[in-house]
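# Observations on chain architecture
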Amino acid sequence: MAEASVMEKIVSLCKRRGFVYPASEIYGGIRGFWDYGPLGVLLKNNIRDSWWRDMVECPPIGPDGHPLDMVGLDSSIIQHPKTWEASGHLATFADPMRKCSKCGHFVRADHLWDMLATSSKWFDDLLQEFTPISGHIDTERLMRWAKTKGRKLAPNLALVRNPEVTLSWLATRVNGQPDVPVEMMEFTRHIATEQLNATGLQDPCPLCGAELGPSEPFKLMMESYAGLTQTPDNKVYLRPETAQGIFLQYKNIVDTTRVKVPFGVAQIGKSFRNEVTPRNFIFRSREFEQMEMEWFCHPDEARTWYEFWKTERMRWWKSLGVKEENLKLRDHAPDELSHYSKMTVDIEYKYPFTAPDFGELEGIAHRGEFDLTQHQKHSGQKLDYFDQELQLKLKEQGASPEEIKAKSRYVPNVIEPASGLTRAVLVLLCEGYTADPNRPSGEYMRFDPKMAPIKAGIFPLVNKDGMPEVAEKLYMDLRTKFMCEYDPKQSIGKRYARMDEIGTPYCITVDGETLKDQSVTIRERDTLQQQRVSLDKVDTYMTDRILK
Ligand code: GAP
């Protein structure tokens, strides 16, 4: 049997140990939905709490040496439907989809080549036969493949249905022109095309090989109804991003709190997208959690804040124990920008399924004044900001009354660091997963101690001779400060192995010596080193390492 990929091993460990389960599993599961098990919810809450503490309770220090002005919000998942008209989601939040003309399978148009490369059985098999990199194609081999394996794997591929015609088109394009290397994409489109003169080159379905239909928009917002009748006027949407709730409450926050531009509003919560191809475990799901912060600033300062948040957010991810070499910043190309964005940079992570490439973890977008202006227009409410400090400054500088009036009222610009909480769980799982054939578990989770779901396992070496009483007392003392587990059962090796797999950084064992000298053994997960620590110093030992 082929060795499982790293991702398969992570998914299996997550299920086996209670991090993440498929939702509704007893009914066969439901695509794109996941449940966070007893350990998964602890890990997720640790990330959530870190973000909240570092954004809202103890926000970063700004360029002026003072803590940033930041408040929190918890807005409704369902908002007035006009919200999504104003935000542009109703009109533009859609994925381009293509439908297979034969099997009806849908493929996201912009993911087609990625899908072919990563999850198409027939494409993978064909490429193992040969790689069409030269100017010469081995048509005999292709014909053999079409008549044997191709029939089973890609029955609707033009090359399989009508190999003679398809190969003759390919031969005229390629053979005899040895200096023109045929690219993978062109080769693939050739073997998917039967009637080149009538249709032009076609793209194949990753499942059955048939031609794909044209690209059509597929709406991503999930719908429901609020009210007695399920009629169009009662139609509502589950939010596809937490951000809009913040824009809707921006005015109330300015009016009821002491924030002054520049300031931020942070929110953590569920979002929903009817993703066409939910995949890669919890990377892209249909229900997920986001951690978003909208930073309202003067338009002239937006670029400076954009740079500030780029640096700050990279620093934060590293503080969770994510290695620098697994993170990178990637600027969006102009044609990739969301409808609201002036510029966006993604913080990307090297996931096992993207490596050696990287995939999105967080987006930092310069949303300009798009959202406030749109909501102003659609709601008829004024959402500009009167900047009293700027007014005073302009007065001191001797500006004219007209200039003061014009400049001290403006619609703030917004810089938005938006990350996925559930995606962050995936990052910490991938980052922590470490194969180690030299330990009984064969693998362990190298979580940063701050993030680990369980901070310490507390064991009596044997479940008798006065050891359980001491171990239980230690557990009762530590549990009020750290998430600990008391486990008196099984061999000590098995208990260590389980704690390694769930990423517990410290295992504390009460043994025969403890009863004599009041010391315990603390085993450190990553180094496997054990040291004797006096019972009354265990709390300090843990505090120094976890709450540092
Ligand atoms: N308010 C801006 C916004 O929502 P986004 O790039 O669409 O921007 C922000 O989403 C983050 O939310 C992403 O970087 C990702 O971490 C997370 N995210 C988006 N769609 C997701 C999905 N289907 N499943 C899991 N996480 C998702």
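Anything mentioned here points back to the structure above.
Computed from a prediction, not measured in an experiment: that's the story for all the values here.

A separate point is the layout of surface pockets. Put simply, the second largest pocket is a space of about 680 Å³. Val261, Pro262, Glu301, Asp387 and Glu389 are, among the 23 residues lining the second largest pocket, the residues nearest its centre. Elements with a minimum of two residues in the lining of the second largest pocket: α14 (302–319) and α16 (388–396). A per-element tally of the lining of the second largest pocket places α16 first, with 4 residues. The residue inventory of the lining of the second largest pocket, partitioned by class, reads 10 nonpolar, 4 polar and 9 charged.

Pro262 follows Val261 through a cis peptide bond whose omega is 5 degrees. Examined against the element boundaries, Pro262 turns out to sit in the loop between α13 (243–256) and β9 (263–272). The omega angle of the peptide bond from Ala355 to Pro356 is 10 degrees, so this bond is cis rather than trans. Structurally, Pro356 can be placed in the loop between β12 (343–349) and β13 (359–368). Its identity is not glycine, yet Ser24 carries a phi of approximately 50 degrees, on the positive side. Within the element layout of this structure, Ser24 appears in the loop between β1 (20–22) and β2 (34–36). A positive phi is found at Phe281, a non-glycine position, where the angle reads about 60 degrees. Take Phe281: it is sitting in the loop between β9 and β10 (287–297).

Taking 1.5 Å per residue, 12 residues should reach 16 Å; helix α19 (residues 467–478) reaches 17 Å between its end C-alpha atoms and fits that length. Every buried residue belonging to α19 is among Met467, Pro468, Ala471, Leu474, Tyr475 and Leu478, and all of these are buried. Buried residues of α19 fall within an arc of 130 degrees about the axis and therefore sit on the same side. Projecting away from the buried face of α19 at angles above 90 degrees are the exposed residues Glu469 and Lys473.

Below, the discussion takes up the site of the ligand. Neighbouring the ligand are 21 residues, the closest being Glu241, Ser285, Glu292, Glu360 and Leu361. Residue Glu292 places a side-chain N or O atom 2.4 Å away from a nitrogen atom belonging to the ligand. In the environment of the ligand, a nitrogen atom lies 3.4 Å from a nitrogen or oxygen atom belonging to the side chain of Arg367. Expressed as a share of its isolated accessible area of 550 Å², the protein-covered part of the ligand is 91%. Every element with two or more residues in the shell around the ligand is listed here: β10, β13 and β16 (413–420). Of all the elements, β13 adds the most residues to the shell around the ligand, at 5 residues.

On to the sheet that holds strand β19 (residues 456–460), then. Strand order in the open sheet made by the 5 strands is β20-β19-β21-β22-β23, with mixed pairing throughout. Only two strands of the sheet have a single partner each, and these edge strands are β20 (484–486) and β23 (530–534). Strand-to-strand twist across the sheet, computed as the mean angle between neighbouring axes with direction ignored, equals 25 degrees. Bridge count between strand β22 (residues 519–524) and β23: 5 bridges; the pairing is antiparallel. Paired with Val520 across the two strands is Val533, which belongs to β23. Lying on the sheet, helix α20 (residues 492–501) is in contact with β19, β20, β21 (506–510), β22 and β23; it crosses β19 at an angle near 170 degrees. With respect to the sheet, helix α22 (residues 538–546) is in contact with β19, β21, β22 and β23, its orientation differing from that of β21 by roughly 175 degrees.

Definitions and limits used
Residues numbered from 1 in each chain as written. Predicted model: local features only at pLDDT ≥ 70, side-chain atom pairs only at ≥ 80, totals over all residues. Heavy atoms only, no water. 1 Å grid on protein atoms, 1.4 Å probe; cavity = no way out; pocket = protein on both sides within 12 Å on 5 of 7 lines; lining within 4 Å. Points joined across faces, edges and corners; volume = space filled by probe spheres on them. Helix = DSSP H or I, 4+ residues; strand = E, 2+ residues; numbered from the N terminus. Nonpolar A, V, L, I, M, F, W, Y, C, P; charged D, E, K, R; others polar. Expected span 1.5 Å × (residues − 1). Buried < 20%, exposed > 50% of the residue type's maximum accessible area, 1.4 Å probe, protein only. Arc of directions from axis to C-beta. Near = heavy atom within 4 Å. Polar contact = N/O pair within 3.5 Å; in protein donor to acceptor, adjacent residues only side chain to side chain. Areas by Shrake-Rupley, 256 points an atom, 1.4 Å probe, with all protein chains shown as cover. Pairing = 2+ DSSP bridges. Axes fitted to C-alpha atoms, helices over the stretch in contact; angles between N-to-C directions. Contact = heavy atoms within 4.5 Å.

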